[in-house]
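# Inside the fold
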Amino acid sequence: MTQTQDPARSRTFSWSDPGINAAHVGRRGGLELLRAMIAGELAAPPIMHLVDMSRMEADEGWVAVELVPQEFHYNPLGTVHGGVISTLLDTAAACAVHTTLPAGVGYTSLDLNVKFLRPVTVASGTLRCEGTVLQGGRRTALAEAKLLDAKSRLVAHATSTCLLFPLDPPPTE
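First, a word on what this report is: a plain description of the structure on this page.

What counts and what doesn't
Residues numbered from 1 in each chain as written. Predicted model: local features only at pLDDT ≥ 70, side-chain atom pairs only at ≥ 80, totals over all residues. Heavy atoms only, no water. Pairing = 2+ DSSP bridges. Helix = DSSP H or I, 4+ residues; strand = E, 2+ residues; numbered from the N terminus. Axes fitted to C-alpha atoms, helices over the stretch in contact; angles between N-to-C directions. Contact = heavy atoms within 4.5 Å. Salt bridge = Lys/Arg side-chain N within 4 Å of Asp/Glu carboxyl O. Buried < 20%, exposed > 50% of the residue type's maximum accessible area, 1.4 Å probe, protein only.

## Some remarks on the sheet that holds strand β3 (residues 53–59)
- Reading across from one edge, β3-β4-β6-β7-β8-β5 is the order of the six strands in this open sheet, with antiparallel pairing throughout. At either margin of the open sheet sits one strand with a lone partner, and together these are β3 and β5 (105–116). On average, each strand axis in the sheet is tilted by 20° relative to the strand beside it, whichever way the strands run.
- The pairing of strand β4 (residues 62–67) with strand β6 (residues 127–136) spans six bridges and is classified as antiparallel. Bridge pairing in β6 places W62 opposite T132.
- Contacting β3 and β4, helix α2 (residues 30–38) runs over the sheet at an angle of about 145° to β3.

Shown next, in the form of structure tokens:
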């Protein structure tokens, strides 16, 4: 990924075919799938490159992801766009739910309730977003995500409900 600070700024990034990872969904448990991505055995999903998320960690019911704010994240007010912040929160909360799912179970976000608490700029330093499952059930799971700046100040918070559902049986090989 490249970004220049010349008067005419540009950004270039690339990603791998997301269909390769999608073929593993339903065949592996959620934590196993995320750990394979973290280890580089599977490519990170394109959204990670688009938004420029960096390091990810995962454990049962918990995920952390980091992002260094850049100018290309800015809104017209000169702060990181709320959609970028919401994307981090959604990623951490939903992926935390994903870590609890066995093979054959999928999920999708039903809602995302975000509270923006502080403006975020490049001066905020590395952002760390941690997602935690609060309650898991047969059909839904509730998770929260906290976004902290480099000084460990809470800059945003979210709760998310995810719908859980059985995936079609994977094709036999």
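## Focus on the pattern of salt bridges
- This model, assessed by the stated rule, comprises nine salt bridges.
- For E71, the salt bridge identified is with R9, shortest N-O distance 2.4 Å. Placement of the pair is E71 in the loop between β4 and α4 (82–98) and R9 in the loop between β1 (2–3) and β2 (11–12), with a sequence separation of 62 residues.
- Here R153 and D149 are joined by a salt bridge, their closest N and O atoms 2.7 Å apart.
- Residue classification places R153 among the partly exposed positions, given a relative accessible area of 33%.
- By sharing partners, the salt bridges in this structure join R55, E57, E66, R128 and E130 into a single network.

## Some points on the pairing of strand β8 (residues 154–166)
- When β5 meets β8, the two strands line up antiparallel, connected through 11 bridges. The residue bridging V114 from the neighbouring strand is A158, located in β8.
- Across nine bridges, the pairing between strand β7 (residues 140–148) and β8 is antiparallel. Bridge pairing in β8 links L147 to A156.

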